[in-house]
Amino acid sequence: MQRKSNLMCIVFPALLAAGLLVFSPPARAFDAGACHCFRQREYDPKARFSADDYILATSFNSLTAAYFKISKKQLVIYKMKGGIQENDLLTGLYLARTKNLELEKLLAARAREKSWKKVVSSFPALADDHRDRLIAMLRKSRSASQCGAFVADKMLADFYRLPAAKVVAARKQGLNVKEMALVFFLARTRDLPAKKLMEQVRKAGRSWSEVAFYLGFSPKAVGRGIMNFRKKRAAPPSSGKF
């Protein structure tokens, strides 16, 4: 069984890159609802979609933790125990990092003021900045989802060293931030076109955990791989644009 698995991990990338793989669509998509307990954390060929919620969540949490240099455990605590919405957490993390502010104070101010626009005006480091794009969005009372999407897109582009246009294009093709966190990791580490990976799920009916499995990654290995992704690569010169 192990020999067969290893063989697939070798053959799958080559066939995928050549566009020769053909898969039958799944009989029924897995619906995990709003559960965050992640009962299934390993790929199961008999229940191909059962680990998708976990692999997508750990991909995005690992990306966020690595990019903002915060522990994954702390991220979960903010979301699950602190009740911080993901878009607000991304906004707070971005402001804390770029302006050297305390995240706890920013989140407390957001809870107290009920709007990021008021938070911006109450912190001199934010109020005095008229160049940062996110701060400008907050001043204009842009929605939490718009601000969160801006931070997520910048994080994906910076972390995986991608042109911003590629991230925007992937979002327009229907991928959410969790899916992009996984797709770009697999594409960069296996030197495959991200578009090919998207097609395996969107057109060929594979699950995300299935695609990762045949590229040699368990869900847990994906999380560890993302956390170590930047450590193994030298950062390119920044263009200063996004």
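Basis of the calculations
Residues numbered from 1 in each chain as written. Predicted model: local features only at pLDDT ≥ 70, side-chain atom pairs only at ≥ 80, totals over all residues. Heavy atoms only, no water. Helix = DSSP H or I, 4+ residues; strand = E, 2+ residues; numbered from the N terminus. Buried < 20%, exposed > 50% of the residue type's maximum accessible area, 1.4 Å probe, protein only. Contact = heavy atoms within 4.5 Å. Areas by Shrake-Rupley, 256 points an atom, 1.4 Å probe, with all protein chains shown as cover. Core = buried A, V, L, I, M, F, W, Y, C linked by side-chain atoms within 4.5 Å. pLDDT = per-residue confidence, 0-100. Axes fitted to C-alpha atoms, helices over the stretch in contact; angles between N-to-C directions. Parallel < 35°, antiparallel > 145°, perpendicular 65-115°, else oblique. Left-handed = near helix turned anticlockwise from the far one by under 90°. Salt bridge = Lys/Arg side-chain N within 4 Å of Asp/Glu carboxyl O. Nonpolar A, V, L, I, M, F, W, Y, C, P; charged D, E, K, R; others polar. Phe/Tyr/Trp six-rings, centres within 6.5 Å; stacked < 30°, edge-to-face > 60°.

**Observations regarding the overall build of the protein chain**
Counting its secondary structure elements, the protein chain contains 14 helices and zero strands. Reading the helices (α) and strands (β) of the protein chain from amino to carboxyl end gives α-α-α-α-α-α-α-α-α-α-α-α-α-α. Residue burial in the protein chain is summarised as follows: out of 242 residues, 44% are buried. Taking the intrachain contacts of the protein chain between residues at least 6 apart in sequence as the baseline, contacts between residues at least 24 apart amount to 61%. Carbon and sulfur atoms form 54% of the exposed surface of the protein chain, whose accessible area is close to 13,400 Å².

**Observations concerning the nonpolar core**
Of all hydrophobic cores here, the largest spans 66 residues; its most connected members are L63, F68, L95, L134, Y160, F184 and L186. With near-sequence residues (within four places) excluded, L186 lies in contact with D191, L197, V211, A212, L215 and F217.

**Observations concerning the confidence of the model for the protein chain**
In this model, the protein chain carries a mean pLDDT of 83, and residues with pLDDT of at least 70 account for 80%. Here residues 17-35 scores under 50 on pLDDT; set against residues more than four positions off or in separate chains, the count is 26 contacts. Here residues 234-242 is a poorly scored stretch, pLDDT under 50, and it has 10 contacts once near neighbours within four places are set aside; other chains count.

**Observations regarding the side chain of D88**
Structurally, D88 is set in helix 4 (residues 86-99). Judged by its relative accessible area of 11%, D88 falls in the buried class. Not counting residues within four places of it along the chain, the set of residues in contact with D88 comprises L107, R110, W116 and A144.

**Section: the packing of helix 10 (residues 164-172) against helix 11 (residues 177-190)**
At a minimum axis separation of 10 Å, helix 10 and helix 11 run at an interaxial angle of 125°. As summarised for this structure, helix 10 and helix 11 are arranged oblique, according to the angle between their axes. The interaxial crossing formed by helix 10 with helix 11 has right-handed handedness. Two secondary-structure elements touch here, helix 10 through K166, V167, A170 and R171 and helix 11 through V177, M180 and F184.

**Quick notes on the pattern of salt bridges**
Within this structure, the stated rule accounts for 11 salt bridges. Residue E86 pairs with K178 through a salt bridge whose shortest N-O separation is 3.4 Å. Note that E86 is positioned in helix 4 and K178 in helix 11, a separation of 92 residues in sequence. According to the relative accessible area criterion, E86 is partly exposed, its value standing at 23%.

**What about the packing of helix 3 (residues 72-81) against helix 4?**
The contact between helix 3 and helix 4 brings their axes to 10 Å, and the two run at 135°. When the interaxial angle is binned, helix 3 and helix 4 end up oblique. Helix 4 is crossed by helix 3, and the crossing has right-handed handedness. Along its contact with helix 3, which presents L75, Y78 and K79, the element helix 4 presents E86, L89 and L93. Taken together, the residues of the contact of helix 3 with helix 4 sort by class into four nonpolar, no polar and two charged.

**Overview of the packing of aromatic side chains**
With the rule as written, the count across this model stands at 11 aromatic pairs. With centroids separated by 5.3 Å and ring planes inclined at 70°, the aromatic side chains of Y160 and F229 adopt a geometry described as edge-to-face. Remark: F229 occurs in helix 14 (residues 219-229) and Y160 occurs in helix 9 (residues 144-160); sequence separation between them is 69 residues. We classify F229 as buried; its relative accessible area is 1%. Geometrically, the ring pair formed by F185 and F229 is edge-to-face, given 6.5 Å between the ring centres and 70° between the ring planes. Here F185 is found in helix 11, whereas its partner F229 is found in helix 14, with 44 residues between them in sequence. An identical accessibility class is assigned to F185 and F229; each is buried.

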